[in-house]
Amino acid sequence: MAELFVKQAKQYAEGRPNYPEELFQFIASKNPAKDLAWDVGTGSGQAAQSLAEIYQNVIATDTSLKQLEFAPKIANVRYQQTPPVIPIDELEQYVSAQSSVDLVTIAQALHWFDLPAFYQLVKWVLKKPNGVIAAWCYTVPEVNDSVDSVFKPYYAIDSEPYWDPVRKLVDQKYATINFPFEPVEGTDHTGPFRFVSEKVMSLDEYFTYLRSWSAYQTAKEKGVDLLRDDVVEKFKNAWNEDGQDRKVVKFPVYLKIGKVGNL
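Conventions adopted
- Residues numbered from 1 in each chain as written.
- Predicted model: local features only at pLDDT ≥ 70, side-chain atom pairs only at ≥ 80, totals over all residues.
- Heavy atoms only, no water.
- UniProt positions renumbered as here; feature names shortened; annotations may be inferred.
- Helix = DSSP H or I, 4+ residues; strand = E, 2+ residues; numbered from the N terminus.
- Salt bridge = Lys/Arg side-chain N within 4 Å of Asp/Glu carboxyl O.
- Buried < 20%, exposed > 50% of the residue type's maximum accessible area, 1.4 Å probe, protein only.
- Axes fitted to C-alpha atoms, helices over the stretch in contact; angles between N-to-C directions.
- Parallel < 35°, antiparallel > 145°, perpendicular 65-115°, else oblique.
- Left-handed = near helix turned anticlockwise from the far one by under 90°.
- Contact = heavy atoms within 4.5 Å.
- Pairing = 2+ DSSP bridges.

**With respect to the UniProt feature "domain: Methyltransferase type" (unreviewed entry) in the protein chain**
Point 1. UniProt tags residues 39–133 as "domain: Methyltransferase type" (unreviewed entry).
Point 2. The straight-line gap between the two end C-alpha atoms of residues 39–133 is 10 Å; of that span, 26% is helix and 21% is strand.

Now the structure itself:
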């Protein structure tokens, strides 16, 4: 998975949205202690940055050193490169001791993981019974009718052959992803719960986001430029229709959240 994002790590850091404050406040409201959070698959630290404002300490891990190089340096965040598979007897070395973590977060990455193996690590490291795991994904961007009408065939037809099959879990808003945890206090299910992230973007920044896709990189390696001249022209015409270069781009966010219980 990490290899899919190495070559466009800079575009990923620049183009990806941050996540709404309401998302983190909702997660924190379900977490009785706020001493230590582990952000897994942190990439360039989008989620870790927000967690650092709520939790006393954050451990942010990723398999890609290149991605971590673009993460913001924050006093209470420790960035750590890890191997793709962490043996459970080495988890304390990379992350923390058994039953010591209040919150595990996974932003836009859970669909890439070997879930049974990962959940074993989560259950080992979270405090019992109220340690929380929160995983979320965001789906396709929404701009306006004109831009979205160009985007839809670009995503569903042009890009579709180059997405890894696990991308379907994102399209399904994580509703079908395996998530063996108990509902947190005040809820009767583990989600998905919907939030919305907003980012003000120029057309160039919108293109930077599109180039940060794993599908874009996969297509490029196969000699296909998804943003070929005629496609770029269609996006330009739609984007400039209202005369405003900067636009609010909305990314629907879907959260799965649960507590570890006494497992």
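More follows now that the structure is in view.
**So, the pattern of salt bridges**
Point 1. In this structure the tally under the stated criterion is 9 salt bridges.
Point 2. Asp35 serves as the salt-bridge partner of Lys127, at 3.4 Å between the closest nitrogen and oxygen. A residue pair is termed long-range when its members are at least 10 positions apart, and Lys127 in the loop between helix 7 (115–125) and strand 5 (132–138) and Asp35 in the loop between helix 3 (21–29) and strand 1 (36–40) qualify at 92 residues.
Point 3. Exposure remark for Asp35: the relative accessible area of 39% places this residue in the partly exposed category.
Point 4. The residue Asp171 makes a salt bridge to Arg167 at a minimum N-O spacing of 3.9 Å.

**Describing the packing of helix 8 (residues 145–158) against helix 12 (residues 229–239)**
Point 1. The geometry of helix 8 relative to helix 12 is characterised by a closest axis approach of 7 Å and an angle of 155 degrees between their N-to-C directions. Looking at the two axes, helix 8 sits roughly antiparallel to helix 12. In this structure, helix 8 crosses over helix 12, and the sense of that crossing is left-handed. Taken together, the residues of helix 12 that come into contact with helix 8 (itself represented by Ser146, Val147, Val150, Phe151, Tyr154 and Asp158) are Val231, Lys234, Phe235, Ala238 and Trp239.

**Things to note about the sheet that holds strand 5**
Point 1. Strand order in the open sheet made by the 7 strands is 3-2-1-4-5-7-6, with mixed pairing throughout. The open sheet has two edge strands with one neighbour each: strand 3 (77–81) and strand 6 (193–201). Recorded for the sheet is a direction-independent mean angle of 20 degrees between the axes of neighbouring strands.
Point 2. Bridging between strand 5 and strand 7 (residues 247–259) involves 7 bridges; their strand directions are antiparallel. Bridging across to strand 7, Ala134 finds its partner in Ile257.
Point 3. Packing of helix 7 onto the sheet brings it into contact with strand 1, strand 4 (103–107) and strand 5, and relative to strand 4 it is tilted by some 150 degrees.
Point 4. Against the sheet, helix 10 (residues 203–211) contacts strand 5, strand 6 and strand 7, and its axis sits at roughly 130 degrees relative to strand 6.

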